[in-house]
Amino acid sequence: MVSALRLFRKAFMSGCLAVAPIFIILALVFSVRMLVFLHRSVSTQGTIINLASVRDANHDSLTFAPIFSFSSEGGSYTVTSDTS
């Protein structure tokens, strides 16, 4: 009779062998996307010019998002970050 541990070990290893190729494909897709982004991006210098207050009503908290400006070949830009 096969022990429960042996059955668990066999099922676990089969699961790992089935899932591992999916993770390898995902890693390759994300790596290619990152390389394309880095190839198309332009390096620039920016300056934080202000902080915008962001109130979270769900947690009754106040955080601050940076507002920064930068220049590139296309002109000057001012952006408020989505992350605070």
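Residues numbered from 1 in each chain as written. Predicted model: local features only at pLDDT ≥ 70, side-chain atom pairs only at ≥ 80, totals over all residues. Heavy atoms only, no water.

A.B. asks: Lay out the sheet that holds strand β3 (residues 75-80) in plain terms, naming residues and giving numbers.
C.D. replies: The three strands are arranged β1-β2-β3 in an open sheet whose pairing can be described as antiparallel. The two strands at the open ends of the sheet, each matched to only one other strand, are β1 (46-56) and β3. Going across the sheet, the axis of each strand differs from the next one's by a mean of 20°, ignoring polarity. Here 10 bridges tie β1 to strand β2 (residues 61-72), and the two strands are oriented antiparallel to one another. Looking at the pairing, asparagine 50 lines up with isoleucine 67 of β2. (Pairing = 2+ DSSP bridges. Helix = DSSP H or I, 4+ residues; strand = E, 2+ residues; numbered from the N terminus. Axes fitted to C-alpha atoms, helices over the stretch in contact; angles between N-to-C directions.)

A.B. asks: Please give an account of the environment of serine 53 that cites residues and values.
C.D. replies: In this structure, serine 53 sits in strand β1. A relative accessible area of 51% places serine 53 in the exposed class. Distance from serine 53 to alanine 65, taken between C-alpha atoms, is 6.5 Å for residues 12 residues apart in sequence. The contacts of serine 53, once residues within four sequence positions are left out, are Leu62, Thr63 and Phe64. (Buried < 20%, exposed > 50% of the residue type's maximum accessible area, 1.4 Å probe, protein only. Contact = heavy atoms within 4.5 Å.)

A.B. asks: How would you sum up the packing of aromatic side chains? Please name residues and give values.
C.D. replies: Using the criterion set out here, one finds three aromatic pairs in the structure. In this structure an aromatic cluster arises from ring pairing among Phe68, Phe70 and Tyr77. (Phe/Tyr/Trp six-rings, centres within 6.5 Å; stacked < 30°, edge-to-face > 60°.)

A.B. asks: Describe in detail unusual backbone geometry, supporting the description with residues and values.
C.D. replies: Phi angles above zero are rare outside glycine, and aspartate 60 is one such case at about 50°. For aspartate 60, the position within the fold is in the loop between β1 and β2. In this structure aspartate 60 comes out as exposed when scored by relative accessible area, which is 63%.

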